[in-house]
Amino acid sequence: MVAGRDAEMDMRLKFSIYLTLVLALGTGAWLALKLAASLPEQDGRYRLPALTQPAVVIADRLGIPSVEASGRQDAFRVLGFLHARDRLFQMELMRRKTAGRLAELFGEKALPLDLQQRAYRFETAAHAIVQALPEAQRATLKAYVAGVNAIIQGGAEPPPEFLALGTRPEPWREEDSLLVALGMFQTLSGEEKDERMLSVMEQALPPEVVAFLTPDSDEYAVPLLGGKDSQRPPRPVPAQALAALSPAPLQIAGGVDSEAIIAGSNNWAVAGSKTGDGRAILANDMHLSLGIPNIWYRAALNYDGHSLVGLTLPGVPMLVAGSNGDVAWGFTNIDADVLDLVKLEIKPDDPDQYLTPWGWRRFEHHTETIQVKNGSVVAQDLRSTLWGPVSPKPLLGSTVAIRWVALDPAGVDLGLMDMDRVRSVIDGISVLTRSGGPHQNVLLADRQGRIAWTYMGRFPARRGFDGAVSRPWSDGKLGWDGYLPPEELPRLTDPAEGFLATANNRTLGRDYPHVIGHNYAHGYRAYRISQRLRALSSATELSLLDVQLDTRSEFYDYWRDLALRVTGEQGRNDPALRDAEQAIEAWDGKMDAGSLGIGLLVRFRQQMAEAVFAPVVARCRTLDPDFGYAWREMETPLRAMLDRRAPETLPSSTYNDWSELLRSVLKASVADLKLEHGVTTLMELPWGKINRIAVRHPISNAAPWLSWLLDMPAAESSGCATACVRILGNGHGASERLVVSPSDPGSALLHMPGGQSGHPLSPNYGDQQAAWQFGFPLPFLAGTKVHRLELAP
C-alpha cells in the first residue's frame with residue numbers, strides 16, 4: 001500500500017498547488033469552493049430514491065466499494081449511484097461519443113467525429129434495443145438509471161470537467177446505457193476497414209496475390225477446435241503475379257500498417273490438475289486504448305446470496321469480468337466478422353431507389369441535427385435501407401449499406417448480467433452463448449477445478465458468401481438467415497493439457513462448419529502463453545501474473561537473425577551497420593524497458609514491410625487513394641518473400657538486388673532512430689526510451705497545460721504493441737490484469753491504470769497506477785474498511 005500513500009500525497013500536493021494558482025490568478029474563492037464541493041462523499045448517509053431496502057457501501061483505501069443490498073435491482077441501483085459519483089464525466093463522454101454529440105461540448109473540432117457517428121444512427125438502435133430487452137434485464141436497467149440520476153439530479157456540484165466546459169449533465173436514460181455498450185461494441189467489432197481493404201484488393205490484384213497476402217495462420221498457430229487446417233492457409237510466393245505489378249518507388253511512409261493494432265486481450269485458465277491444490281485459476285488482461293480515468297471500475301456487489309467481484313463498465317449495469325464466488329470469467333476479442341457492407345444497385349432513372357430481392361425500394365430519409373458549441377447548427381441527411389444505414393463513404397464508387405449486428409435489436413442485450421446465477425462452467429456456457437453483445441472468447445474457471453472456453457455474442461448465419469468482401473444482396477442469393485444458434489457456437493471443457501488460452505488469435509480450424517472471421521491476430525502471443533503454461537506444474541496467482549508480464553519476443557528472433565546476416569556481409573566497412581550489429585547482438589530476447597537492440601529490430605521490420613509491399617499499395621491506391629494494407633497475419637507473406645528473395649519480386653527498381661535493399665533499409669532505420677531520439681549510438685537507446693507510455697485524460701489533449709494535473713506521468717515501459725504477452729505500447733495496453741480462483745478469492749490479484757475516481761483532486765485518482773505500471777500485485781478483494789456510506793430509501 002506504499003504506492004497508494006504516495007499517490008495520496010501527490011494528489012494533496014496537486015490540490016494545494018491548484019488552489020494556490022486559483023487564488024494567485026484572482027479567479028475567486030467561489031471556484032475553490034466549487035471544486036471542493038465536487039469531490040464525492042464516501043462517508044455518511046444518503047437517501048437514494050426507489051431503493052427498496054437500506055443498503056451499505058464499504059470502501060477501502062483505494063476507494064474500491066463493496067455494496068451490501070437486498071436484491072439485484074437495489075444492488076445495481078447503488079452501482080449506478082457509484083458510477084455517477086466517481087465517473088460521471090467519463091460516462092458523459094462515452095454516451096456523447098457514440099451518439100455523435102461531442103460538438104455540443106467541444107465545438108467544430110469534434111464535428112467530423114459526430115458526423116461519422118451519426119451515420120450509424122446509434123440513438124435509434126439504442127432505443128430499439130431497450131424496447132426489446134427481456135423484462136428482467138429492463139427492470140435492472142431501470143434501477144441502474146435511477147441510481148445514476150440520483151447523482152445527476154441530487155443538487156451536488158458536478159465534476160470539474162463540467163465546470164470547465166460550462167455545462168451540466170443531462171438526466172441519464174436507459175438508452176444512454178445502451179449507447180455506452182454500443183460504444184464498446186464499436187471498439188471491439190465495428191471496423192469497416194477490413195472489408196473495404198479486401199474489396200479493393202480483390203478488384204486491384206490477381207486472386208493468387210490476394211490469397212498470398214491474406215492468410216489466417218502462421219508458424220505459431222494454436223487453434224483450440226476444428227483441426228489444424230485453416231480457412232485461408234499460407235500460400236507459396238506467387239512470384240510471376242507479383243512481378244507483373246509495377247515496381248514502386250521506395251517510399252517508407254504510410255500505406256502499410258505492420259502492427260495493425262486493434263482492441264484485444266490475453267486470457268487463459270488452468271485446471272486443478274495444473275495448480276497442485278486442485279484450484280482452477282483464471283487470468284485475463286484486456287487490451288484497450290489507455291486513458292484516465294481507466295475504462296473499468298472495480299466493485300463488489302453482494303445481494304440475495306450472490307457475491308460479484310471484479311470489473312464493471314461505467315454506464316452499464318453488469319459485472320464484465322471477475323467472479324461470482326463459484327465461477328470466474330474473462331474475455332478476449334475474437335476479431336469476428338459481424339459487419340457487412342452491402343453493395344447497393346441504384347435505379348438508373350431514380351437515384352432515390354435501390355434494388356432488393358422484392359424489387360425497387362425507396363431509401364428512408366432521416367435528418368440529423370448537430371448543435372455545435374458557440375457555432376452553427378449542422379443538418380445531415382441520412383439514408384437507410386432494409387439492411388441498415390447507408391454509409392456516407394462509397395466503396396469502389398458504389399453506395400453501400402451497413403449490415404451490423406450492433407444495430408439489430410435481436411443482436412444486443414444485457415444477458416451478461418445473468419452470470420450472477422451460474423454455479424459451474426457448464427452453467428456459464430449456457431448463459432454466455434445466449435448473450436448478445438460484443439463478440440468474445442470467454443474463458444471460465446469454477447470452484448470444482450474445471451475450466452472451459454466458448455464464444456459470447458450473436459454471429460451472422462450468412463447465406464451464399466463468407467462476408468470477406470462487399471457484394472450486392474439484391475437477388476436474394478446472399479444475405480443473413482438470422483444468427484447461429486447457441487448450441488452451434490464452439491466450446492471446450494477440461495482439456496487433457498490442463499489449460500486453455502486465447503490471445504485474439506485464430507481459435508478455430510477448418511473443420512468447424514462456420515466462418516467466424518478472417519483477419520485474426522498473429523498467433524505468437526497465444527503460443528507463448530501456452531508455452532509458459534505447459535511448463536508450469538503448480539500454478540499460483542503470482543506465477544500467472546508473471547506470465548501476464550512476460551516480455552520474451554521469439555517473434556523478433558527472425559528479424560535479429562536477418563539483420564545480423566545483413567551486417568555480416570559488409571558491416572565491418574560501414575559505421576551504421578557496425579552500430580546496428582553491436583546493438584542487435586546486445587539484445588536479450590525481451591522487450592523490457594532496459595533491452596537494447598529491440599528498438600532497431602522493430603523499426604527494421606516496419607520499414608521492410610513498407611518496402612516489400614509498396615507495389616501492392618501502389619496498385620490498390622489506383623482504385624482507392626486511402627487504401628492501406630493492415631493484415632494482422634502479414635508476417636507470413638512478409639517472411640515468405642524475404643526467405644525466397646525472388647529477383648523478379650524485388651519491390652523497387654532503385655536497388656540491384658534484395659541484399660542492397662535490406663542493407664539500405666537497415667541503415668535508414670539506424671539513422672531514423674538516432675535522429676528521433678538524439679543519440680550518437682544505438683547502445684544509448686534502450687527500449688524504454690522508445691516505448692514511453694503516457695496515460696492521458698481526454699481534456700489534456702485539448703488543454704496540454706493541464707497535463708500536470710490530469711495525466712499520469714509518462715514512463716519508460718516494458719512491453720510491446722503486438723509481439724509479446726505484456727501488451728503495452730503506442731497508447732494501447734492492458735486496461736487491467738486479473739488473476740482469480742473462485743475457490744480462493746483472498747489470493748486473487750487485480751490492478752489497473754489510474755484509480756477508481758475520475759476526479760483529479762481525489763486521492764483515488766491515480767493510486768493504482770504504480771502497481772499497474774510496474775506489475776506489483778494488488779488484492780482482488782477490497783482491503784481494510786476506511787469509508788462507510790449508508791443509503792436509505
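Structure first, text after, so check above.
What this report covers is the structure whose coordinates are included nearby. Residue positions within a chain follow its written sequence, with the count starting from 1. Only residues with pLDDT of at least 70 are given local features in this predicted model, and only at 80 or more are side-chain atom pairs given and counted; all residues enter the totals for whole chains, interfaces and linings. Note: side-chain values were computed over all heavy atoms of the structure, leaving out hydrogens and water.

1. Observations regarding the overall build of the protein chain
Under the scheme used here, helices are H or I runs from DSSP no shorter than 4 residues and strands are E runs no shorter than 2 residues, and both carry numbers assigned from the N terminus. The secondary structure content of the protein chain amounts to 25 helices and 30 strands. Here the radius of gyration uses the C-alpha set of atoms, whereas the globule reference equals 2.2 Å times the residue count to the power 0.38. What you see for the protein chain is a C-alpha radius of gyration of 27 Å, in line with the 28 Å of a compact globule of 793 residues. Expressed along its principal axes, the backbone C-alpha trace of the protein chain runs to roughly 80 × 70 × 65 Å. In this scheme, a residue with accessible area under 20% of its type's maximum is buried, one over 50% is exposed, and one in between is partly exposed, where area comes from a 1.4 Å probe on protein chains only. Scored against the burial criterion, the 793 residues of the protein chain give a buried share of 62%. Sequence separation of 24 or more characterises 72% of the internal contacts of the protein chain that already satisfy a separation of 6 or more. Where accessible areas are quoted, they stem from the Shrake-Rupley method and a 1.4 Å probe; at the residue level, only the protein chains shown are allowed to cover. Accessible area for the protein chain stands at about 29,400 Å²; split by element, carbon and sulfur atoms hold 52% of it. Asp and Glu are treated as the negative residues and Lys and Arg as the positive ones, with His and the ends of the chain left uncounted. To locate a charge, the coordinates of NZ of Lys, CZ of Arg, CG of Asp or CD of Glu are taken. Taken together, the 79 basic and 92 acidic charged side chains of the protein chain have centroids lying 1 Å from each other. Contact between two residues is taken to exist if any of their heavy atoms lie within 4.5 Å; hydrogens are not considered.

2. Thoughts on the sheet that holds strand 10 (residues 339-343)
Pairing between strands requires that DSSP locate at least two bridges from one strand to the other. The strand order 16-10-20 describes an open sheet built from three strands, whose pairing is mixed. On the outer flanks of this sheet lie strand 16 (400-404) and strand 20 (471-472), each paired with one strand and no other. Looking at chain direction, strand 10 and strand 20 are connected through two bridges and run parallel. Considered in strand 20, the bridge of Val342 is made with Arg471. Set on the sheet, helix 10 (residues 193-204) makes contact with strand 10, strand 16 and strand 20; between it and strand 10 the angle comes to about 45°. Under this scheme, a helix contributes an axis fitted over its contacting stretch, all axes are lines through C-alpha atoms, and angles between N-to-C directions fall in the 0 to 180 degree range.

3. Remarks on the sheet that holds strand 11 (residues 346-347)
Strand order in the open sheet formed by three strands is 11-12-13, and the pairing between neighbours is antiparallel. Either end of the sheet is taken by a strand with one partner, and the two such strands are strand 11 and strand 13 (359-362). Direction of pairing for strand 12 (residues 350-356) relative to strand 13: antiparallel, over a ladder of four bridges. Pairing of Thr356 across the sheet is with Gly359, part of strand 13.

4. Quick notes on the packing of aromatic side chains
Ring pairs (aromatic) are described by centroid distance and by the angle formed between their planes. Pairing of aromatic rings covers Phe, Tyr and Trp, the last through its six-membered ring, and needs centres within 6.5 Å; plane angles under 30 degrees mean stacked, over 60 mean edge-to-face, and all others mean tilted. Inspection of the entire model under this criterion finds 23 aromatic pairs. Charges are assigned to positions over rings by a cutoff of 6 Å between ring centre and Lys NZ or Arg CZ, combined with an angular limit of 35 degrees from the ring normal. The side chain of Arg383 reaches across the aromatic face of Phe363, ending 4.5 Å from its centre. In this arrangement the basic side chain of Arg462 is found over the ring face of Phe465, its NZ or CZ atom lying 5.9 Å from the centre.

5. Things to note about the pairing of strand 14 (residues 364-371)
As paired strands, strand 14 and strand 15 (residues 377-384) are joined by eight bridges and run antiparallel to one another. By the bridge assignment for strand 15, Glu368 is matched with Gln380. Hairpin connection from strand 14 to strand 15: five residues lie between these consecutive antiparallel strands, with Asn374 at a positive phi of about 55°.

6. Digging into the pattern of salt bridges
Basic side-chain nitrogens of Lys or Arg form a salt bridge, by our definition, when they fall within 4 Å of a carboxyl oxygen of Asp or Glu. Within the structure shown, the criterion is met by 51 salt bridges. Between Asp194 and Arg632 there is a salt bridge, with its nearest N and O atoms 3.3 Å apart. One end of the pair, Asp194, is in helix 10; the other, Arg632, is in the loop between helix 19 (614-621) and helix 20 (635-644), and 438 residues separate them in sequence. When the shortest N-O distance is used, the salt bridge between Asp574 and Lys667 registers 2.7 Å. Note that Asp574 is positioned in the loop between helix 16 (557-570) and helix 17 (575-585) and Lys667 in helix 21 (residues 658-677), a separation of 93 residues in sequence. If you follow the salt bridges from partner to partner, you end up with Glu92, Arg95, Arg96, Arg101, Glu104, Glu123, Glu170, Arg173 and Asp176 in one network.

7. Side note on the packing of helix 3 (residues 72-99) against helix 9 (residues 174-189)
Direction vectors running N to C along helix 3 and helix 9 enclose 75°, while the axes themselves pass 8 Å from each other. Classified by the interaxial angle, the pair formed by helix 3 and helix 9 is roughly perpendicular. Residue-level inspection shows Met94, Arg95, Thr98 and Ala99 of helix 3 in contact with helix 9, the latter providing Asp176, Leu179, Val180, Leu182 and Gly183. Each residue gets one of three labels, nonpolar for Ala, Val, Leu, Ile, Met, Phe, Trp, Tyr, Cys and Pro, charged for Asp, Glu, Lys and Arg, and polar for the others, Gly among them. Along the lines of polarity and charge, the residues of the contact of helix 3 with helix 9 split into five nonpolar, two polar and two charged. Throughout this description, any angle smaller than 35 degrees is read as roughly parallel, any larger than 145 degrees as roughly antiparallel, any in the 65 to 115 degree range as roughly perpendicular, and the remainder as oblique.

8. A few points about helix 7 (residues 135-152)
By this rule the span expected of a helix is its residue count minus one, scaled by 1.5 Å. Taking 1.5 Å per residue as the helical rise, helix 7 with its 18 residues ought to reach 26 Å, and the 26 Å between its terminal C-alpha atoms agrees with that figure. The buried fraction of helix 7 amounts to 13 of the 18 residues, a majority that puts the element mostly inside the structure.

9. Regarding unusual backbone geometry
At the junction of Ile292 and Pro293, the peptide bond is cis and its omega measures out at -5° in the coordinates. Summarising the element assignment, Pro293 is placed in the loop between strand 5 (281-289) and strand 6 (297-303). Of note in this structure, Ala50 is not a glycine but carries a positive phi near 75°. Assignment of secondary structure puts Ala50 in the loop between strand 1 (44-47) and strand 2 (55-59). Phi angles above zero are rare outside glycine, and Asn504 is one such case at about 65°. By the secondary structure assignment, Asn504 is in the loop between strand 23 (499-502) and helix 14 (524-535). Given a relative accessible area of 2%, Asn504 falls into the buried group.

10. Digging into empty space enclosed by the protein
Lining residues are defined by having an atom within 4 Å of a point belonging to a cavity or pocket. Those points lie on a 1 Å grid over the protein atoms alone, cavities being sets where a 1.4 Å probe fits but cannot get out and pockets being open sets with protein on both sides within 12 Å along at least five of seven lines. Grid points are joined across faces, edges and corners, and a volume is the space filled by probe spheres set on the points. This structure, assessed with the given rule, holds seven cavities of 30 Å³ or more. What the largest cavity holds in volume is close to 370 Å³. Looking at the largest cavity, it is lined by 26 residues, and the ones nearest its centre are Met184, Leu188, Val320, Pro438 and Met456. Counting only elements with at least two residues in the lining of the largest cavity, the list comes to helix 9, strand 4 (264-270), strand 5 and strand 9 (327-333). If you tally residues by element for the lining of the largest cavity, the top one is helix 9, at four residues. Taken as a whole, the second largest cavity holds about 310 Å³ of empty space. Across the lining of the second largest cavity, the residue classes break down as 12 nonpolar, seven polar and five charged.

11. Let's talk about helix 3
With 28 residues, helix 3 should cover 40 Å at 1.5 Å per step; its first-to-last C-alpha distance of 29 Å lies more than 12% under that length. By the criterion of burial, helix 3 is predominantly enclosed, with 26 of the 28 residues buried.

12. A word on the side chain of Thr312
Of note, Thr312 is situated in strand 7 (residues 306-312). Under the relative-accessibility criterion, Thr312 is labelled buried at 1%. Any N or O atom pair separated by 3.5 Å or less is treated as a polar contact, with the protein-specific requirement of one donor-capable and one acceptor-capable atom, and with residues adjacent in sequence counted only for side-chain atom pairs. Within polar-contact distance, the side chain of Thr312 engages the side chain of His83 at 2.9 Å. Beyond its immediate stretch of four places on either side in the chain, Thr312 contacts Leu79, His83, Ile295, Trp296, Tyr297, Ala299, Met318, Leu319 and Val320.

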